Amino acid sequence: QVQLVESGGGLVQTGGSLGLSCAASGRTISVHAMAWFRQAPGKEREFVAGINWNGDSTYYGDFVEGRFTIARDNARNSVFLQMNSLKPEDTAVYYCSRGKGSEIVSTSPGDYYDSWGQGTQVTVSS
């Protein structure tokens, strides 16, 4: 029953930066793991970054290569993704998701993630 709303997407040049935000309402996310996924046209949804309930453990997809940082503010029921050194292949719709449990135990967009936002478009021009 939690509602998740992403914001911050847009158009940037190669090498630029964007910060994405995910605002939750209706239910708390403070005891849940949170994750960002992305999906490009014709491709499967893939794991970008995850963070456990209190923020002391983070995980990133192999393609991130140190360029992105995930963070959360449980007092404000929010999660963030800072993206730097963006590449054209980062172009996708980015989704915020809540895990059923408190830890990142899966990087697949399946049963473990029970709530999803509507997505925000990120486009990186070459």
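The model shown is predicted, which means the values in this text are computed figures rather than measured ones.

Conventions we followed
Residues numbered from 1 in each chain as written. Predicted model: local features only at pLDDT ≥ 70, side-chain atom pairs only at ≥ 80, totals over all residues. Heavy atoms only, no water. Pairing = 2+ DSSP bridges. Helix = DSSP H or I, 4+ residues; strand = E, 2+ residues; numbered from the N terminus. Axes fitted to C-alpha atoms, helices over the stretch in contact; angles between N-to-C directions. Salt bridge = Lys/Arg side-chain N within 4 Å of Asp/Glu carboxyl O. Buried < 20%, exposed > 50% of the residue type's maximum accessible area, 1.4 Å probe, protein only.

Peer 1: What am I meant to see in the sheet that holds strand 8 (residues 78-83) here?
Peer 2: Note: strands within a sheet are paired through backbone hydrogen bonds, in either parallel or antiparallel orientation. Read from one edge of the open sheet, four strands run 1-3-8-7, paired in antiparallel fashion. Each end of this open sheet is capped by a strand with a single partner; those strands are strand 1 (3-7) and strand 7 (68-73). If you compare each strand with its neighbour and ignore which way they point, the axes differ by 15 degrees on average. Across six bridges, strand 7 lies against strand 8 in antiparallel orientation. Within the sheet, the bridge partner assigned to isoleucine 70 lies in strand 8 and is leucine 81.

Peer 1: Looking at this structure, how should I read the pattern of salt bridges?
Peer 2: Any two side chains of opposite charge can pair if their charged atoms end up close together. Under the defined criterion, the tally for this structure stands at six salt bridges. Residues arginine 38 and glutamate 46 are paired through a salt bridge, measuring 2.8 Å at the closest nitrogen-oxygen approach. The class for glutamate 46 is partly exposed, based on a relative accessible area of 33%. One salt bridge in this structure joins lysine 87 and glutamate 65, with 3.4 Å as the shortest N-O distance. A residue pair is termed long-range when its members are at least 10 positions apart, and lysine 87 in the loop between strand 8 and strand 9 (92-99) and glutamate 65 in the loop between strand 6 (58-60) and strand 7 qualify at 22 residues. By relative accessible area, which is 27% here, lysine 87 ends up partly exposed. Three or more residues are tied together by salt bridges with common partners; here these are Arg38, Glu46, Arg67 and Asp90.

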